[in-house]
Amino acid sequence: MPIVLLVRHGQASFGADDYDRLSDLGRQQAEATGRWLAGRGLRRPVAVHGTLRRQRDTALLALAAAGVDVAPRVDGRWDEYDHIDLVRRYAAAQGGEAPQTSREFQVVLDAALVAWVEHGDGGGWPAFTGAVTGALHDLVAGLEPGQDAVVFTSAGVIAAACADLLGTGAAGLVAFNRVAVNGAVTKLAAGRTGLALLSFNEHSHVEGENLTYR
């Protein structure tokens, strides 16, 4: 039975001019994730990441730390939605100011996600979730029996995949997204009856001071 591991990228640079760059801690998290992957007994693994810099750099650091000598594929369907723009547009539509702190940002993001999924605010949700689902199923279809895959992606993508598998809708998407840890790993199994969620957000390798959500 093929196993697919969805890895959230390490901490990016929240509040900086270039968000799409791993922080020093993010690089440490990526390497810690790689050391964790080294003990998982991956079978002839396929590695994939989106086009975002934070996803690519996490993949390269983690695979090197894991001792996995494979060239990762690039698939833009694993890219994150533009959560910064989504929050900015939602805050403006509500007549409020853009959030300044990480905590304020999360509160607005939760509300913006619900509006995006349930009411189509800003458009794009069907295309985004359709791309995630398509990328996941295409990946699984290309795996051989007894072969595993590791995908380096983002919180929103992982949340969308889990919400789709469990049929939880917007509430599930928000709940998964809110608690996604940088460097955490979500495990899926591809069986005869389809994909199944085995575990979500495993992050024992980035506990303590290395644990971040944004």
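Above this text you will find the structure in question.
Report on the accompanying structure. If you're wondering where the values come from, they're calculated on a predicted model, not measured in any experiment.

Below, the discussion takes up the overall build of the protein chain. Each helix and strand in the protein chain was counted, giving seven helices and six strands. Ordered by position from N to C terminus, the α and β elements of the protein chain give β-α-β-α-β-α-α-α-β-α-α-β-β. For the protein chain, the C-alpha radius of gyration of 17 Å lies close to 17 Å, the compact-globule estimate for 214 residues. The buried share among the 214 residues of the protein chain stands at 51%. When contacts within the protein chain are restricted to residue pairs at least 6 apart in sequence, long-range pairs at least 24 apart make up 73% of them. As displayed, the protein chain offers around 9,800 Å² of accessible surface, 50% of which is attributable to carbon and sulfur atoms. Across the protein chain, the centroid of the 19 positively charged side chains sits 5 Å from that of the 24 negatively charged ones.

Looking now at the nonpolar core. Ranked by internal contacts, the top residues of the largest apolar core, which has 38 residues, are Val4, Leu6, Trp78, Leu113, Phe128, Leu136 and Leu139. Those residues within four positions of tryptophan 78 in sequence are excluded, and the remaining contacts are Leu6, Val48, Gly50, Gln55, Ala135, Leu136, Leu139, Val151, Thr153 and Val157. Membership of the second largest hydrophobic core comes to 15 residues, among which are Leu63, Ala66, Val185 and Ala189.

Running from amino to carboxyl end, helix H5 (residues 125–141) crosses helix H6 (residues 155–166) at an angle of 80°, the nearest separation of the two axes being 10 Å. For the element pair H5 / H6, the angle class is roughly perpendicular. Taking contact as the criterion, the partners of Trp125, Phe128, Val132, Thr133 and Leu136 in H5 are, on H6, Gly156, Val157, Ala160, Ala161 and Asp164. Residue composition of the contact of H5 with H6, by class: seven nonpolar, two polar and one charged.

What follows covers unusual backbone geometry. What you tend to see is this: most non-glycine residues have negative phi, and most peptide bonds are trans. Phi is positive for arginine 44, close to 40°, though the residue is something other than glycine. By the element assignment, arginine 44 lies in the loop between helix H1 (24–38) and strand E2 (46–49). Positive phi, normally seen in glycine, also occurs at asparagine 201, with a value near 65°. Position of asparagine 201 among the secondary structure elements: in strand E6 (residues 194–202).

Criteria and thresholds
Residues numbered from 1 in each chain as written. Predicted model: local features only at pLDDT ≥ 70, side-chain atom pairs only at ≥ 80, totals over all residues. Heavy atoms only, no water. Helix = DSSP H or I, 4+ residues; strand = E, 2+ residues; numbered from the N terminus. Rg over C-alpha atoms; globule rule 2.2 N^0.38 Å. Buried < 20%, exposed > 50% of the residue type's maximum accessible area, 1.4 Å probe, protein only. Contact = heavy atoms within 4.5 Å. Areas by Shrake-Rupley, 256 points an atom, 1.4 Å probe, with all protein chains shown as cover. Lys, Arg positive; Asp, Glu negative; His and termini not counted. Charge placed at Lys NZ, Arg CZ, Asp CG, Glu CD. Core = buried A, V, L, I, M, F, W, Y, C linked by side-chain atoms within 4.5 Å. Axes fitted to C-alpha atoms, helices over the stretch in contact; angles between N-to-C directions. Parallel < 35°, antiparallel > 145°, perpendicular 65-115°, else oblique. Nonpolar A, V, L, I, M, F, W, Y, C, P; charged D, E, K, R; others polar.

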